[in-house]
Amino acid sequence: SISETLGTTLDLVDGAHKILAEVRDVMGAKQGSIWVYRYGTDSLHLAAEVGDDGRGLPVTPDEPDPITAMVFRQGRSIIATRLATPSERDAGEMGDSFLSVPIRYSPGQGGSRTVGVINMIGRRDGSRFSSANQRLLSAIASQVGAAIENSRLVRKTLSRERMAREMELAHDLQMKLLPDPANFAAAEAAGRVVPTEQVGGDFYQLFQLSGGRVGVMLGDVSLHGFPSALIMTLA
């Protein structure tokens, strides 16, 4: 079921919710969550959650207290039990068992790396999570890890494609800012601009002056690329 879910969606959040719901039902857990590491902010973000509401704020890997941060930092699974509060003990309730497993991605070459954490908290029958539960959740986490990496690569590719389209548009707009020498009948003129990158800081302008004269202006903004093109546009 998880393989089918991951194979039919590029929306990691939607897929993560479906996976968590499946795993929670199979393991008889009360709550589940998937945390994904974001390189840009150096923090773990809640990608999906099922069951009771828990912490939703980002977690940094160096935080000493949260189990999620510790599992990500150490790269190993943890099975433990949360101690019941006095009020819970008075009500005859025991502390919840929880299982936390690192989500790891293993590329074709190079070592594996941790890209997130998956948590199962509490069991409906009050029992503890077992080593068999841990092995199952670790196998699921490896599939989720591949999906996280695929999603990241898809977003990165789409971002590059979007930037390339925007730069093509910027190039076309920049070329349209330059005058057409054919419009100046008083002189034989031609112009050619070849930016080092898609856009640049070179420009020229022609002016129709009195007495059948043509004025010529040439400019060159230092360096090249998008910043120089912006200064050129202002000029």
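Residues numbered from 1 in each chain as written. Predicted model: local features only at pLDDT ≥ 70, side-chain atom pairs only at ≥ 80, totals over all residues. Heavy atoms only, no water.

S.K.: In this structure, what is going on with the sheet that holds strand β2 (residues 43–50)? I would like to understand it.
M.R.: Think of a sheet as strands paired side by side through backbone hydrogen bonds, with each pair either parallel or antiparallel. Taken together, the five strands give an open sheet; going across it, the order is β2-β1-β5-β4-β3, and neighbouring strands pair in antiparallel fashion. Of all the strands in the sheet, just β2 and β3 (78–81) have a single pairing partner and so form its edges. Across the sheet, the mean angle separating the axes of adjacent strands is 20° when strand polarity is ignored. Most of the contacts of helix α3 (residues 67–74) go to strand β5 (residues 113–123), to which it runs at about 140°, and overall it touches β1 (29–38), β2, β3, β4 (97–105) and β5. Strands in contact with helix α5 (residues 131–177) are β1, β3, β4 and β5; relative to β4, the strand with the most contacts, it is inclined by about 40°. (Pairing = 2+ DSSP bridges. Helix = DSSP H or I, 4+ residues; strand = E, 2+ residues; numbered from the N terminus. Axes fitted to C-alpha atoms, helices over the stretch in contact; angles between N-to-C directions. Contact = heavy atoms within 4.5 Å.)

S.K.: Explain the pattern of salt bridges here, please?
M.R.: Think of it this way: side chains of opposite charge can pair up when their charged atoms draw near. A full pass over the atoms with the stated rule returns two salt bridges. Among the ionic pairs, aspartate 25 bridges to arginine 124, the shortest N-O distance being 3.9 Å. With aspartate 25 in helix α2 (residues 12–27) and arginine 124 in the loop between β5 and α5, this residue pair connects regions lying 99 residues apart in the sequence. A single burial state applies to aspartate 25 and to arginine 124, both of which are exposed. For aspartate 96, the salt bridge is made with lysine 30, and the minimal N-O distance between the two is 3.1 Å. Residue aspartate 96 is found in the loop between α4 (86–90) and β4, and its partner lysine 30 is found in strand β1; the two are separated by 66 residues along the sequence. (Salt bridge = Lys/Arg side-chain N within 4 Å of Asp/Glu carboxyl O. Buried < 20%, exposed > 50% of the residue type's maximum accessible area, 1.4 Å probe, protein only.)

S.K.: How should I be thinking about the packing of aromatic side chains in this particular structure?
M.R.: Within a pair of aromatic rings, the relevant descriptors are the distance that separates the centres and the angle that separates the planes. One pass over the full model with this rule turns up two aromatic pairs. Ring centres 5.0 Å apart and planes at 80° place the aromatic pair tyrosine 37 and tyrosine 39 in the edge-to-face group. On the accessibility criterion, tyrosine 37 (15% relative accessible area) is buried. (Phe/Tyr/Trp six-rings, centres within 6.5 Å; stacked < 30°, edge-to-face > 60°.)

S.K.: I would appreciate a short explanation of the side chain of glutamine 174 in the present structure.
M.R.: In this structure, glutamine 174 sits in helix α5. Taking relative accessible area as the criterion, glutamine 174 reaches 5% and is therefore assigned buried. For glutamine 174, the side chain forms a polar contact with the main-chain oxygen of glycine 200, separated by 2.5 Å. With residues up to four places along the chain from it excluded, the contact list for glutamine 174 reads Pro195, Gln198, Val199, Gly200, Ala229 and Met232. (Polar contact = N/O pair within 3.5 Å; in protein donor to acceptor, adjacent residues only side chain to side chain.)

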